[in-house]
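The residues making up each chain are set out below.
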Amino acid sequence: GDSVTQMEGPVTLSEEAFLTINCTYTATGYPSLFWYVQYPGEGLQLLLKATKADDKGSNKGFEATYRKETTSFHLEKGSVQVSDSAVYFCALSDRGGSYIPTFGRGTSLIVHP
Amino acid sequence: EADIYQTPRYLVIGTGKKITLECSQTMGHDKMYWYQQDPGMELHLIHYSYGVNSTEKGDLSSESTVSRIRTEHFPLTLESARPSHTSQYLCASTDTGGPSAFFGQGTRLTVV
């Protein structure tokens, strides 16, 4: 079945540091890939997405590239801010299958001033 | 702007009580989902629906039930709450034409 594996947290960084959160996936079909963000006490919000190989999703300084050859979708940001502190979820939706969103376990990011 | 609403946001209830968590969306999405989020943040799919009168159990066994009588409404019911049901419950929806999920703000349930 479909699955998503992302790096365990927490990831602790100083403000303005470079961020990478690794995500790899397994899917039988042709998935769309997503990053969602969850702030404390809230639901998940879509951060960015990519629907086919080599697409780059970007939003609010975050980027991720759909790499079919390595089945990866790593999240990056060049300079994090304290306000980026949250939990980040990698996810996929399989167009060839049920379309039910499948999530990774989440990675907590803590950014210190 | 996504419009999916969950009520209540917080609920503390005694063991044995019947409760219904409400979820409504105004986007006309066909597919709706309930996830249980454990303290370690992982999301577990407990129910989903492809449309009106369609309900399916998810990956995680749950003592809850759901109904889908109207497209916009997908309530989750616990007939007899137990402390093991204490958790955060997240409702989401997706459109058939697009795979992005929209989430409500969640209901944090505590059973004492």
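Every chain is numbered on its own, with residues counted from 1 as its sequence reads. Note on labels: chains are lettered from A, ligands numbered from 1, in written order. Given that this is a predicted model, residues contribute local features only at a pLDDT of at least 70 and side-chain atom pairs are listed and counted only at 80 or more, while totals for whole chains, interfaces and linings are drawn from all residues. Excluded from the side-chain calculations are hydrogens and water; all other atoms, namely the structure's heavy atoms, are used.

J.: Describe the overall build of chain A, and please don't skip the residues or the numbers.
T.: Scanning chain A from terminus to terminus reveals zero helices and twelve strands. Start at the N end of chain A and walk to the C end: the helices and strands fall as β-β-β-β-β-β-β-β-β-β-β-β. Based on C-alpha atoms, the radius of gyration is set beside the globule rule, defined as 2.2 Å times the residue count to the power 0.38. The C-alpha radius of gyration computed for chain A amounts to 13 Å, which stays within 12% of the reference 13 Å derived for 113 residues, consistent with globular compactness. Projecting the C-alpha coordinates of chain A onto the three principal axes gives extents of approximately 45 × 30 × 20 Å. Burial classification: accessible surface area is computed with a 1.4 Å probe over protein chains only, and a residue below 20% of its type maximum counts as buried, one above 50% as exposed, and the rest as partly exposed. Counting only residues that meet the buried cut, chain A has 45% of its 113 residues in that class. Contact definition: two residues touch when any of their heavy atoms are within 4.5 Å. Long-range contacts, defined as pairs at least 24 residues apart, comprise 57% of the intrachain contacts of chain A with a sequence gap of at least 6. Shrake-Rupley sampling with a 1.4 Å probe provides the accessible areas, and residues are treated as covered by the protein chains on show and by no other component. Put simply, chain A shows about 5,300 Å² of open surface, and 48% of that area lies on carbon and sulfur atoms. Counting from the N terminus, the helices are the DSSP runs of H or I reaching at least four residues and the strands are the DSSP runs of E reaching at least two.

J.: Before we move on, can you summarise the packing of aromatic side chains with the specific residues and values?
T.: Pairs were defined over the aromatic rings of Phe, Tyr and Trp, the Trp ring being its six-membered one, requiring ring centres within 6.5 Å. Orientation was assigned from the angle between planes: stacked under 30 degrees, edge-to-face over 60, tilted for the rest. Under the definition given, this model contains eleven aromatic pairs over all chains. Ring geometry for phenylalanine 103 of chain A versus phenylalanine 103 of chain B: centroids 5.7 Å apart, planes at 70 degrees, classification edge-to-face. Of this pair, phenylalanine 103 of chain A sits in strand E11 (residues 102–103) while phenylalanine 103 of chain B sits in strand E10 (residues 98–103), each in a different chain. Since its relative accessible area comes to 11%, phenylalanine 103 of chain A is described here as buried. Taking the relative accessible area as the measure of exposure, phenylalanine 103 of chain B reaches 9% and is therefore buried. Taking the centre distance of 5.5 Å and the plane angle of 70 degrees together, the rings of tyrosine 48 of chain B and tyrosine 50 of chain B count as edge-to-face.

J.: How would you sum up the state of the cysteines? Please name residues and give values.
T.: Here, a disulfide means two cysteine sulfur atoms that sit within 2.5 Å of each other. Scanning all chains against the criterion turns up two disulfides over all chains. What pairs with cysteine 23 of chain A in a disulfide is cysteine 90 of chain A, and their sulfur atoms sit 1.9 Å apart. Handedness here is read from the sign of the S-S torsion; for cysteine 23 of chain A and cysteine 90 of chain A, about -70 degrees, the answer is left-handed. Of this pair, cysteine 23 of chain A sits in strand E4 (residues 23–26) while cysteine 90 of chain A sits in strand E10 (residues 86–94), and the two are 67 residues apart along the sequence. You can call cysteine 23 of chain A buried: its relative accessible area is 1%. The side chain of cysteine 23 of chain B participates in a disulfide bridge whose partner is cysteine 91 of chain B; the two sulfur atoms lie 1.9 Å from each other. Between cysteine 23 of chain B and cysteine 91 of chain B, the disulfide has an S-S torsion of -75 degrees and is therefore left-handed. Residue cysteine 23 of chain B is located in strand E3 (residues 19–25), and its partner cysteine 91 of chain B is located in strand E9 (residues 87–95); the two are separated by 68 residues in the primary sequence.

J.: Give me the confidence of the model for chain B: which residues, what numbers.
T.: Per residue, pLDDT measures the predictor's confidence, with a range of 0 to 100. Model confidence for chain B is summarised by a mean pLDDT of 92, while 96% of its residues fall at 70 or above. Mean pLDDT across the secondary structure elements of chain B bottoms out at E10 of chain B, with 84, and peaks at E3 of chain B, with 97.

J.: A description of the interface of chain B and chain A should follow, citing residues and the corresponding values.
T.: On the chain A side, the residues contacting the 21 residues of chain B number 21 residues. By buried area we mean how much accessible surface two parts lose on assembly, using a 1.4 Å probe and totalling the loss over both. Each partner contributes to the roughly 1,700 Å² buried at the junction of chain B and chain A, and carbon and sulfur atoms together form 57% of this total. Looking only at chain B, the three residues that lose the most surface to chain A are Met41, Pro99 and Phe103 of chain B, adding up to 30% of its buried area. Looking at the side of chain B that touches chain A, the elements with two or more residues in it are strand E4 (31–37), strand E5 (43–49), E9 and E10 of chain B. Partitioned by chemical class, the residues of the side of chain B that touches chain A number eleven nonpolar, seven polar and three charged. Note that Gly is not counted as nonpolar here; it falls among the polar residues with everything else outside the nonpolar set of Ala, Val, Leu, Ile, Met, Phe, Trp, Tyr, Cys and Pro and the charged set of Asp, Glu, Lys and Arg.

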